Structure formats: C-alpha cells, structure tokens
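Residue-level structure breakdown
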Amino acid sequence: MVKATKGKRNTMIQKNTRAHQKPIEGHPPEWVININECVKGGPQYDSGNWTIYRVPWSLREVHKSAFVPKIISIGPFHYGDPGLRFMEEHKMRYLLRLLGSRTTGKGGQAEDLMPQVHNATLLEDLEQAMKELEQKTRQRYSEAFNIDSSDFVQMMVIDGCFVLELLHLYYKFEREKYVDDPIFTTRWMLRTIQRDLVKLENQLPFFVLEKLFDLISIAGDPSLIDLVLTFFDPLLPRKYIKGLIDPEEEFDHMLEVFRSTFLSSVKQNITPASKQPEMSVNFPLVQERQLVHSVTELEKAGVELKKREESDLLDISFQGGVLKIPPLYIDDNTAPLFLNFVAYEQCEDGKPFFTNFLMFFESLINSSADVEILHKNGIINHVLGSDQDVADLFNKLGREVVYDLDECYLSQQIKGVNNYCKAYYGSKWRVWFTNLKHDYFSSPWTFFSLLAAIFLLLLTTAQTYYTVYAYYISS
C-alpha cells in the first residue's frame, strides 16, 4: 500500500524559526542565521513555473465542495488524506492491471482486460522516468510538500498509471457500454471520479501523463488527448469535441485540456488591443466592460434574445439589437466545472475567458423571471428544480471572484448592449412604445383584446355622434 504522509509546507525557515534558542552574546540570533543561509542558497521556488495551484482561500470558503475531492486524491495537495484513503486500493489494482498482473480466468487464460503492453512498462522503467521528472514536477505546484523523494516518485507512478488505465477503460466503456470493473459497475463511483479529476487541486502535470503514456501505449491506441476528452465530455456534452483542440498545443494538466476545447472560436474573434476603439470619455469604464441590465430589462429595451446555433459555448455576439447566446445546459456538474476553470484563471496570467463568461451571466440573471425568458428562448435548459434555483446559483457563483475589466473578451458586446439600452431609456417615446408593444402585442389574445376594445370605442363614439347629430337635425 501507499505510504500516506500528509502534505504541508516545508521550508527551513518554518522549521527553524520555531526553535526558541537563547542567542549567544556577540552572535546574531538563530533566525537571522537561518534566513541568511536561505539567501545564500538562492530562491527555492520560481512562481513562473507554477501551473497547479491551491484554490484561493476566499473562493474556496464560498464554494468548498466544488474544489475539494470527494473520493480520490491525485497529486500532492490531498496526498494522504484519511477520507480519500480507500481509493488507494483501487489505484494499486489498476497499476497491477496495467503492468500485466491480471487475474486468471476460466481455462487458465488471462482475462483480456487490456491489450498486452510493451516490455518497456516494467515498473522499474516507470519509476526511473518519474524520478527524472521529480524536481520538474515539484516546481509545477504552488506549494512545497513534506513528502520525501521516494514517496513523491511513488505517488507520481501510482496516480499517473491509475489515471491512464482509467482513461483507457472509459474509452472501451464508451464503445462497448460495459466494463467488468467495480468503478464502472458501481453507478455513483465513475461520475464522482470524473468530477474529482477535473478539480484544480487534483491534477498531475500533463508532461507526467505524457511520459507514462509514451511508455505504456502500443500501436493502435488512441492519443492521450482523445482519451482525456472522451472521459470528461459527459460533464458538459458537445458535438465534435475532438475537433475543438490543437493536439500539438502544450497543456498544463487535464483541466486545461478540457478548458481549451471551449476556446477555439473566441480566441479567433478577439479584437487586438491596438485595434479596439477608444472608450467614450463621458461613459464610465465600468459600463464599457460590465453589463448593467438584466434579461428582463434588456427585453423591455427591445433587445432580442436568440439562441446561437452551432457555436462554442463562450461565443456570444450582439449586432443590430439582437443578442445571440449559445445554449447552456445546467446540471450538478456545471457549477463545479465552471468554478475550477475560474479558479485556474484566477491564478494564471492568461485571458480569463470563463471568468468573463460567468460574470456576464451573473449580470444577465437577477431573478427567476430572467431565467424564464432565457429558457423560453432556448438559451438555458436545466434540471435544478426551479428557475429560482438557477438564479440563486448564478448569483452565488460570482462571489469572491476577482473580475478584471481590462481583460474582458466580451467588452465590445457589452458596450454595444449598454449603448443600445442607454439610447432606449434616454427616450420616453421609445419606453412608451415598447411598453405598449409588450402589453398589447406580446400574444394573439392581448392583440385581439386591444382590437375589440378599439372596436367598442369606435361603436360608442359613432353611437354618441349619431345621437347628438339626430338631436340637432330634429331641432
């Protein structure tokens, strides 16, 4: 079994500064000596190499369940957690399976659980490969861990091989609809593991998985990218997911691989900063980059909401008073997935696409009435129970998220919507006409009721006219 050691910060300063030693007269205190030694040794960590982070405390406190793994630990952040220890048995079982230690079936034949692997998959080869990558792997985490070299390499081998074997088996499961394995025959386990493996704190560097994959893969195997996308696709199903990613691109981890499938079109449509029009001096910056009206207010202002077909999830457009938004399906997977994308963006220096997307929807949705309108237009479908549950979800998702207005990829769309609404609310005649259209022309019944009222008014007027006219003629 894997030796469990609780991961924690490990620096010489932390250990030595706790020692309360009486300083020798004429010599500097112990803590001064320790810090000077650290200075001489140079910086131990380079934050420029970090790709896997501890979720910011403020965000974690609000959405703890979205970031903490439920049943399995991958990597050092939750290494040795007593609540996740029972999965260590499954990890070892998968490692033995991958290495060829299969159980014997009827007739003395080995069960065909996986194709015969290449001879290079000897455990010693895997251990040596991971040992060479140990320091590079440690540098990818935003914290240092009190895990000795042997245990750390063991963790890399066992966790990495478990992930790869799981991906292979799921690929087989998608095609044959059955795999004789407890993780696949126990209904709740597989889906829970999928959710756990997409969490930011539960990642291995992608180069670790690539190296292990190179050692164990054989001719005819699907690529590692294909395996990853097939495994995570049920969390937010889409068509042609494998065509939405550049297989030659370098990735930090599996979370980034899945996130990248949502970005192919929006990256192409981003207007370079040098070509963006200058902002109006009289219009506040916040209104240039942040939506200031909810769905209900947009509809009153005459903005037409339409479902954008055959587009990436983040590809939102606004033109000629029409706001087109790709459809979004919301279930129990949606919020944790989006929050881990956002947590990754909060720690990285790239474009915060999902942060912008999330804040856009938070501004759109204030109440159940907003969700109802989006649902009516085919933009939101959900299984959360009620429209109010969806409104509460989006209003909560934006809490403690740092929103950089200067990095918003939707700035031009937001500016267009805000300007359109500003022109509408600035004209009383437009407000009156829109209210008239909404109140009396929103359905055939209200329209016919208006016609009937007008007809009755005309009859009453005519009757009054002829009554008065007849009186004057007789006089």
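Throughout this description, residue numbers start from 1 for each chain and increase along the sequence as written. Where totals are concerned, whole chains, interfaces and linings use all residues; where local detail is concerned, this predicted model gives features only for residues with pLDDT of at least 70, and gives and counts side-chain atom pairs only at 80 or more. No hydrogens and no water enter the side-chain calculation; it runs on all heavy atoms of the structure.

Here the focus is the overall build of the protein. When helices and strands are counted, the protein shows 22 helices and 5 strands. Using a 1.4 Å probe on the protein chains alone, a residue whose accessible area is under 20% of its type maximum counts as buried, one over 50% counts as exposed, and one in between counts as partly exposed. Out of the 475 residues belonging to the protein, those deemed buried represent 45%. Every residue pair with non-hydrogen atoms within 4.5 Å of one another is taken to be in contact. Across the protein, every contact between residues at least 6 apart in sequence was considered, and the portion connecting residues at least 24 apart equals 71%. Only the protein chains shown count as covering a residue, and every accessible area follows the Shrake-Rupley method with a 1.4 Å probe. Total accessible area on the protein stands at roughly 25,500 Å², and carbon and sulfur atoms take up 53% of it. Numbering goes from the N terminus for both helices and strands, where a helix is a DSSP run of H or I of at least four residues and a strand is a run of E of at least two.

Take unusual backbone geometry next. Here the phi dihedral of K177 falls at roughly 65°; this positive angle occurs in a residue that is not glycine. Counting through the fold element by element, K177 comes out in the loop between α7 (149-176) and α8 (182-185). Accessibility expressed as a relative area gives 59% for K177, which makes it exposed.

Within the secondary structure, Q194 sits in helix α9 (residues 187-197). When residues no more than four places from it in sequence are discounted, the contact partners of Q194 are Y170, F231, F232, P234 and L235.

Turning next to the packing of α7 against α9. Where α7 meets α9, the closest approach of the two axes is 13 Å, and the angle between their N-to-C directions is 130°. Between α7 and α9, the interaxial angle falls into the category oblique. Between α7 and α9 lies a crossing of left-handed hand. Of the residues in α9, those touching α7 at L166, Y170 and F173 are L190, I193, Q194 and L197. Gly counts as polar in this scheme, as do all residues outside two lists: the nonpolar Ala, Val, Leu, Ile, Met, Phe, Trp, Tyr, Cys and Pro, and the charged Asp, Glu, Lys and Arg. Partitioning the contact of α7 with α9 into residue classes produces 6 nonpolar, 1 polar and no charged. Helix axes are fitted only over the stretch in contact, all axes being lines through C-alpha atoms; the angle between N-to-C directions runs from 0 to 180 degrees. Here the word oblique covers every angle except those under 35 degrees (roughly parallel), over 145 (roughly antiparallel) and from 65 to 115 (roughly perpendicular). Working rule for handedness: look at the near helix, and if it is turned counterclockwise from the far one by less than a right angle, call the crossing left-handed; if clockwise, right-handed.

Turning next to the sheet that holds strand β2 (residues 317-319). Here a strand pair is declared whenever DSSP counts at least two bridges between the two strands. The strand order β1-β3-β2 describes an open sheet built from 3 strands, whose pairing is mixed. Edge strands, defined here as strands with exactly one partner in the open sheet, are β1 (304-307) and β2. Neighbour-to-neighbour, the strand axes of this sheet turn through a mean angle of 20°, independent of strand direction. Relative to strand β3 (residues 322-325), β2 runs antiparallel, the two being bridged by 3 bridges. Counted as the bridge partner of Q319 is V322 from β3. The strands touched by helix α20 (residues 411-425) are β2 and β3; relative to β2, the strand with the most contacts, the crossing angle is about 40°.

We now examine the environment of E362. Structurally, the position occupied by E362 is in helix α17 (residues 353-364). Along the chain, E362 and G398 lie 36 residues apart, while their C-alpha atoms are 6.7 Å from each other. Ignoring anything within four residues of it in the chain, the contact list for E362 reads F394, N395 and G398.

Okay, the pairing of β3 next. The side chains of a regular strand alternate between both faces of the sheet. Looking at chain direction, β1 and β3 are connected through 4 bridges and run parallel. When the sheet's bridge partners are listed, K306 is paired in β3 with K324. Hairpin connection between β2 and β3: a loop of 2 residues separates the two successive antiparallel strands, and G320 in this loop has a positive phi of roughly 60°.

Okay, the packing of aromatic side chains next. Stacked, tilted and edge-to-face are the three classes assigned to paired rings of Phe, Tyr and Trp, where Trp is represented by its six-membered ring and a pair needs centres within 6.5 Å; plane angles under 30 degrees give stacked, over 60 edge-to-face, the rest tilted. Within the structure shown, the criterion is met by 24 aromatic pairs. Taking the centre distance of 5.0 Å and the plane angle of 40° together, the rings of Y94 and F162 count as tilted. Linking Y94 in helix α5 (residues 88-99) with F162 in helix α7, this pair joins segments that are 68 residues apart in sequence. Taken individually, Y94 and F162 each receive the classification buried, so the pair is uniform in this respect. Plain terms: the ring middles of F258 and F262 are 5.5 Å apart, the flat faces sit at 75° to each other, and that makes the pair edge-to-face. Taken individually, F258 and F262 each receive the classification buried, so the pair is uniform in this respect. Counted as over-ring charges are cases with an Arg CZ or a Lys NZ within 6 Å of the ring centre that also lie within 35 degrees of the ring normal. It is K136 that lies over the ring of F207; its NZ or CZ is 4.3 Å from the centre.

Along its 12 residues, α17 runs 17 Å from first to last C-alpha, staying within 8% of the 16 Å computed at 1.5 Å per residue. Among the residues of α17, F353, F354, T355, N356, F357, L358, M359, F360, F361, E362, S363 and L364 are the ones counted as buried. To estimate the expected span of a helix, count its residues, drop one, and scale the result by 1.5 Å.

Of all hydrophobic cores here, the largest spans 125 residues; its most connected members are I183, F258, L323, F360 and F361. Sort the elements by how many residues they give to this core and α7 lands first, with 15 residues. Nine residue types can take part in a nonpolar core, namely buried Ala, Val, Leu, Ile, Met, Phe, Trp, Tyr and Cys, and a core is a set of them joined through side-chain atoms within 4.5 Å.

Moving on: the confidence of the model for the protein. Averaged over all residues, the pLDDT of the protein is 83; the fraction at 70 or higher stands at 79%. Confidence of the predictor in every single residue is expressed as pLDDT, which spans 0 to 100. Low pLDDT, under 50, characterises residues 101-120; the predicted model gives this stretch 28 contacts beyond four residues in sequence or across chains.

Moving on, we come to helix α10 (residues 206-216). The element α10 is largely enclosed, with a buried count of 8 among its 11 residues. Residues of α10 that are buried in the fold lie against α5, α6 (123-138), α7, α11 (224-232) and α12 (254-260).

Moving on to the pattern of salt bridges. Criterion for a salt bridge: a side-chain nitrogen of Lys or Arg within 4 Å of a carboxyl oxygen of Asp or Glu. Overall, the coordinates contain 16 salt bridges when judged by the stated rule. R54 is the partner of E201 in a salt bridge, and the nearest nitrogen-oxygen pair spans 3.9 Å. Here E201 is found in the loop between α9 and α10, whereas its partner R54 is found in the loop between α2 (30-41) and α3 (57-62), with 147 residues between them in sequence. Accessibility expressed as a relative area gives 1% for E201, which makes it buried. Residue classification places R54 among the partly exposed positions, given a relative accessible area of 27%.

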